[in-house]
There are 2 protein chains.
Amino acid sequence: MDKRPDPIGFGFFAFVKMNIFRIKSSYMFSKASQYAIKAIIYIWMKSLQDSKAGAKEIGSEIDAPEAFTAKILQQLSRAKLIGSVKGPNGGFYADESHTNKTLKDVVRAVDGDSLFTGCSLGLNKCSEKNPCPLHFEIVGIRQKLDQMLTNKSIKHLAVEVIKGETNIKRILQVNK
Amino acid sequence: MDKRPDPIGFGFFAFVKMNIFRIKSSYMFSKASQYAIKAIIYIWMKSLQDSKAGAKEIGSEIDAPEAFTAKILQQLSRAKLIGSVKGPNGGFYADESHTNKTLKDVVRAVDGDSLFTGCSLGLNKCSEKNPCPLHFEIVGIRQKLDQMLTNKSIKHLAVEVIKGETNIKRILQVNK
DNA sequence: AAATTAAAGGATAATTTTGTCCTTATATGG
DNA sequence: CCATATAAGGACAAAATTATCCTTTAATTT
Ligand code: FES
Ligand code: FES
């Protein structure tokens, strides 16, 4: 039976033995993937306006650390999800040759595909034959996520950001 | 190793300057949450058979490191998602007072609720008014996940494992 | 009451992910 | 060809997550 100090009556002691357990923040995508998605959308935005984007600019425009963003851009470039040019007026870009690349490609390039194919509860293998307790529920959800990441055109998402319908950057604390 | 097809056809150059970047493994849930989910299901299994489970046993039965599992069990216990008794014949258990606890409670107890309420692309706040490019697609998926984690009875999941319909432990490499 | 058992908790280590900095390679413009 | 700008890459640092070990607390059994 839990006999820890009553936070009201013994608030001081409660404070002393406060959070031993850190609060984590888990999301669907790793930070690297989040940055990658925002970066590639931004690159498409620039490319639609016939210009390239440098790593520094991208990092600052998507609220991501610049050097880390540069690493991620390398990965995207090596995976041929974007193009890159060195030197003056160089930078990252996307063109027709990249139009059929999907957000799923992006996520897989930086996170691998455990999100799509691994067992949600960490069994060594996701299997219909030996399903984990969440398997049949998770596969449906995962499939929806998969479809979304393959069907949504990155270019189109970029257009929406250009139109101001969606944001790629930290929301300012203006609204209530 | 992820070696996705290179549509242009110069993949072998890519091979030369192989993976500087580590492959990560991102899942929907953190490892801590995965262990927590499997642990609470196991505890229910034991409780349905009128016995308690110790941290060591639980760790070994769900293929999780024992000491780490013990930490997670502490969190579940403090969040009152399970009960615990010290001393001989002690251990962790679940009873009627825990029947209305959900897997969502479990995930939130160990991972917080950024998975449910945070922006999938890491904007400081998920908002309909200032949505990120994935917002309207993600909310649907997230809601499905949320519903699943609140509606599936943990007790019932335990019954399924008891019946052998699902697994909580590493799948053996026997099947093909 | 004493011995025993198991959870609670603290400290710390290992690993992974995230982030920084600096050097090297290379394309561009002059 | 030379200077410059920018991506590529390597090495390293910081932070977060995962993992281990040991001490303390509290039940239970004898
Ligand atoms: S077996 Fe766990 S998600 Fe498929
Ligand atoms: S604003 Fe990004 S998920 Fe809602």
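Further up the page is the structure itself.
In what follows, the accompanying structure is described. (Residues numbered from 1 in each chain as written. Chains lettered and ligands numbered in written order. Predicted model: local features only at pLDDT ≥ 70, side-chain atom pairs only at ≥ 80, totals over all residues. Heavy atoms only, no water.)

### As for the pattern of salt bridges
Scanning all chains against the criterion turns up 12 salt bridges over all chains. The partner of glutamate 137 of chain A in a salt bridge is lysine 152 of chain B, with the nearest N and O atoms 3.4 Å apart. Of this pair, glutamate 137 of chain A sits in helix α7 (residues 135-151) while lysine 152 of chain B sits in the loop between α7 (135-151) and α8 (154-162), on two different chains. As a salt-bridge pair, arginine 108 of chain B and aspartate 113 of chain B come within 3.5 Å of each other at their nearest N and O atoms. Owing to a relative accessible area of 36%, arginine 108 of chain B belongs among the partly exposed residues under this scheme. (Salt bridge = Lys/Arg side-chain N within 4 Å of Asp/Glu carboxyl O. Helix = DSSP H or I, 4+ residues; strand = E, 2+ residues; numbered from the N terminus. Buried < 20%, exposed > 50% of the residue type's maximum accessible area, 1.4 Å probe, protein only.)

### Some thoughts on the interface of chain B and chain A
Taken residue by residue, the interface counts 67 residues in chain B and 63 residues in chain A. Buried surface at the junction of chain B and chain A, both sides included, amounts to about 6200 Å², of which 61% is carbon and sulfur. On inspection of chain B and its partner chain A, the count reaches two salt bridges. The interface formed by chain B and chain A holds 18 residue pairs in polar contact (both at pLDDT 80 or more) in total. A per-element tally of the side of chain B that touches chain A places α7 of chain B first, with seven residues. Here the residues of the side of chain B that touches chain A are counted per class, giving 30 nonpolar, 20 polar and 17 charged. (Contact = heavy atoms within 4.5 Å. Buried area = accessible area lost by both parts, 1.4 Å probe. Polar contact = N/O pair within 3.5 Å; in protein donor to acceptor, adjacent residues only side chain to side chain. Nonpolar A, V, L, I, M, F, W, Y, C, P; charged D, E, K, R; others polar.)

### What to know about helix α8 (residues 154-162) of chain A
All names here are of chain A. All of the buried residues along α8 are Ile154, Leu157, Ala158, Glu160 and Val161. Along the axis of α8, the buried residues cluster in a sector spanning 160°; they form a single face. Next to the buried residues of α8 lie α2 (31-48) and α5 (103-111). Where α8 begins, the capping side chain belongs to serine 153, and its oxygen is found 3.3 Å from the backbone nitrogen of lysine 155. Positioned one or two residues after α8, glycine 164 has a phi angle of 85°, which is positive. (Arc of directions from axis to C-beta.)

### Remarks on the side chain of serine 30 of chain B
Checked against the element boundaries, serine 30 of chain B lands in the loop between α1 (11-16) and α2 (31-48). When its relative accessible area of 17% is taken as the criterion, serine 30 of chain B is described as buried. Separated by 2.7 Å, the side chains of serine 30 of chain B and aspartate 111 of chain B make a polar contact. Setting aside its immediate chain neighbours within four residues, serine 30 of chain B contacts Lys24 of chain A together with Asp111 of chain B.

### A word on the packing of helix α4 (residues 66-78) of chain B against helix α5 (residues 103-111) of chain B
All names here are of chain B. Their axes nearest at 10 Å, the elements α4 and α5 cross at an angle of 115°. For α4 against α5, the interelement crossing comes out right-handed. The segment α4 lies against α5, with Ile72, Gln75 and Leu76 engaging Val106, Ala109 and Val110. A per-class count over the contact of α4 with α5 returns five nonpolar, one polar and no charged. (Axes fitted to C-alpha atoms, helices over the stretch in contact; angles between N-to-C directions. Left-handed = near helix turned anticlockwise from the far one by under 90°.)

### Describing the nonpolar core
With 92 residues, the main nonpolar core has Phe29, Ile40, Ile41 and Leu134 of chain A together with Phe29, Ile41 and Leu134 of chain B as its most contacted residues. Excluding its chain neighbours within four sequence positions, the residues that come into contact with isoleucine 41 of chain B are Pro133 of chain A together with Ile154, Leu157, Ala158, Val161 and Ile168 of chain B. (Core = buried A, V, L, I, M, F, W, Y, C linked by side-chain atoms within 4.5 Å.)

### Observations regarding α5 of chain B
Residue and element names in this part refer to chain B. Among all positions of α5, only Leu103, Lys104, Val106, Val107, Val110 and Asp111 are buried. Axial view of α5: buried residues confined to an arc of 155°, hence all on one face. Buried residues in α5 make contact with α2, α4, α6 (114-117), α7 and α8. Remark: glycine 112 follows α5 within two positions and exhibits a positive phi of approximately 75°.

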